[in-house]
Structure formats: C-alpha cells, structure tokens
Amino acid sequence: MLELKDVHTYYGHIHALQGISLKVNEGEIVTLIGANGAGKSTTLRTISGMVKARRGEVLYQGKPIQRLDAHKIVAMGIGHVPEGRRIFPRLTVEENLEIGAFLESDRKIVQERKEYAFQLFPRLYERRTQKGGTLSGGEQQMLAIGRALMQNPKLLLMDEPSMGLAPVLVDFIFETIQNLNKAGKTILLVEQNARIALQIAHRGYVLQTGRLTFSGPAAELAARPEIQEAYLGGH
Ligand code: ATP
C-alpha cells in the first residue's frame with residue numbers, strides 16, 4: 001500500500017532522513033520506533049507531504065506522491081495524526097472535527113463521520129461544544145484522531161499518540177488503534193513507547209539518526225537483546 005524507497009529529507013542543512021526504505025501492506029499496523037530526534041516524525045511528515053523528500057520515492061498504491069501537495073495526499077486517503085495533536089484551541093470540538101472534513105462538501109457525509117467519531121469517543125460527544133484548548137491531553141488526542149478520521153482515510157499515520165497520557169488512557173488509545181485496524185484501517189504508528197507499540201503492531205522498523213537499523217515482525221524485534229537494551233529498558 002505504501003512504500004518508501006531510499007528517501008532523503010533535509011531541514012536546511014540537517015540531513016534528517018538518510019535513505020529510508022520501508023513498506024506498509026494493506027491491513028497492517030506497522031510501528032516505527034526510535035529515540036528522540038531519530039527522524040520518526042520527519043518520516044510521517046515526508047509521507048503526508050508536510051515536508052518534501054529531496055531524494056527517493058514515496059509510493060502510495062503504486063503511485064509516486066512525493067511531489068504532491070499535502071491536501072492532494074489527504075484526498076488520496078492518507079490521514080495524519082500529528083505529534084502534539086495540533087488541534088485548534090479556540091474552536092469547539094465539533095468545529096475541530098468539521099475542519100478535518102475540509103475536502104468533503106456533502107453535509108450528510110460530514111454528519112455521518114462526526115457521528116462515527118462520537119461513537120468511537122463518547123467523551124468528545126459530551127464535550128462537543130467545548131473549546132479544543134480546554135480539553136485534557138487524552139481528550140485532545142481523541143480529537144486529533146477523530147479529526148484525521150473525518151476524511152475516511154485508508155492509511156492512518158499516527159505520531160506518538162501515547163505522549164503525555166496517563167497509563168489507563170494509553171491503554172484506551174492503543175485499544176482504539178487496534179479497533180480501527182480491525183475495522184479496515186492500515187496504520188503506521190510512530191512511538192517512543194516501544195513496548196506497547198510492539199505489542200499491537202504486526203511489524204516494526206527501528207530508526208536511528210535518520211537510518212533504519214532493524215526491521216521485522218514485532219514479536220521478533222521485541223525479543224532482540226539490542227532492542228530490549230536500547231528501547232525496552234533492558235531485561
Ligand atoms: P521526537 O520524538 O523527538 O520528535 P523524532 O524521531 O520524531 O523525534 P524528528 O522530529 O523527525 O525526530 O527530527 C529528526 C531530526 O530533524 C532532528 O535532528 C531534529 O532536530 C531535526 N528537525 C526536526 N524538525 C525540524 C525543523 N522544523 N527544522 C529543523 N530541524 C528539524
């Protein structure tokens with residue numbers, strides 16, 4: 001479904017991605033783990049077109065997308081739940097969701113998708129008239145996921161959904177990710193919480209300063225001593 005071939009991305013002179021090649025098959029949860037600054041967010045931003053690869057190819061359903069504008073990539077079925085949630089603090093929960101459906105002109109479809117988001121996250125329904133900025137961290141994460149779902153993406157890019165959340169909420173968010181996957185969404189999940197990410201993912205990649213160092217089935221990665229040492233707090 002998604003393939004990166006030797007992707008290089010820069011921020012000015014900083015060579016953030018130094019030749020990334022990876023694949024995500026339809027129906028999978030694939031996780032990308034790595035330390036702070038390894039380039040995980042940059043990988044997702046390169047896929048969604050927020051930053052442009054200087055070299056290499058990003059193929060989605062066999063088509064190169066690395067030169068397309070971000071809104072075209074959204075229209076093709078790729079949703080991005082960005083790091084830090086990036087919700088609109090002065091807009092209500094409902095308005096934040098509606099903005100997620102900016103490419104959809106059919107009000108009935110927008111309404112149905114909003115209802116789907118509220119069904120997934122009843123807490124958002126309770127808070128629908130509240131301003132985004134007044135939500136708790138967990139609620140903001142729910143809103144960021146709900147907003148990305150408003151375009152009915154086939155592939156969901158999720159950037160550190162567990163960041164800053166209490167353990168019970170982390171569990172809830174990861175259950176939701178698994179349920180979305182069972183409902184047909186393909187997921188590329190970036191996480192610093194490698195332990196839980198490897199528990200729910202089918203496969204994983206390990207990123208270290210802009211390069212991939214390991215890849216394989218999630219259970220195999222979790223069993224590797226080097227990975228346990230560096231990312232799972234040792235054993
Ligand atoms: P984190 O979990 O800390 O966000 P990450 O693995 O997602 O880490 P990236 O955010 O992708 O890492 O950053 C990769 C590299 O690119 C880092 O060296 C970072 O400092 C640099 N970088 C990221 N964003 C920018 C930017 N907007 N301008 C300049 N450099 C950037």
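Per chain, residue numbering runs from 1 following the sequence as it is written. Whole-chain, interface and lining totals are the exception, using all residues; otherwise, since this is a predicted model, local features are given only for residues with pLDDT of at least 70 and side-chain atom pairs are given and counted only at 80 or more. Side-chain descriptors were evaluated using all non-hydrogen atoms of the structure, hydrogens and water having been removed beforehand.

- Looking up the protein in an unreviewed UniProt entry gives the name ABC transporter related protein, with the organism given as Allomeiothermus silvanus.
- UniProt positions are given in the numbering used here, feature names are shortened, and annotations may be inferred rather than shown by experiment. In its Sequence similarities (unreviewed entry) section, UniProt records this for the protein: "Belongs to the ABC transporter superfamily."

1. As for the overall build of the protein
Argument step 1. Helix and strand definitions here come from DSSP, where helices need a minimum of 4 consecutive H or I residues and strands a minimum of 2 consecutive E residues; each element is numbered from the N-terminal end. From N to C terminus, the protein includes 10 helices and 10 strands.
Argument step 2. Projected onto its principal axes, the C-alpha positions of the protein cover 45 × 40 × 35 Å.
Argument step 3. Only protein chains enter the accessibility calculation, which uses a 1.4 Å probe. A residue is then buried if its area is under 20% of the maximum for its type, exposed if over 50%, and partly exposed in between. Scored against the burial criterion, the 235 residues of the protein give a buried share of 50%.
Argument step 4. Residue contacts follow a heavy-atom distance rule, with two residues in contact if any of their heavy atoms lie within 4.5 Å. A separation threshold of at least 6 residues defines the contact pool for the protein, and within that pool the share at least 24 residues apart is 68%.
Argument step 5. Accessible surface is estimated by sampling points in the Shrake-Rupley manner with a 1.4 Å probe; for residues, cover comes only from the protein chains shown. For the protein, the accessible area works out to roughly 11100 Å², and carbon and sulfur atoms hold 50% of it.
Argument step 6. The average position of the 29 basic charges and that of the 24 acidic charges among the side chains of the protein differ by 5 Å. When charges are counted, neither His nor the chain ends are considered; positive counts come from Lys and Arg and negative counts from Asp and Glu. Each charge is placed at NZ for Lys, CZ for Arg, CG for Asp and CD for Glu.

2. Looking at helix α3 (residues 93–100)
Argument step 1. By the burial criterion, the buried members of α3 are Val-93, Asn-96, Leu-97 and Gly-100. Viewed end-on, α3 has its buried residues packed into an arc of 100°, placing them on one side of the element.
Argument step 2. Looking at the buried residues of α3, the elements they touch are α4 (107–120), α5 (122–126) and α6 (137–149). This arc describes the spread of directions from the helix axis toward the C-beta atoms.

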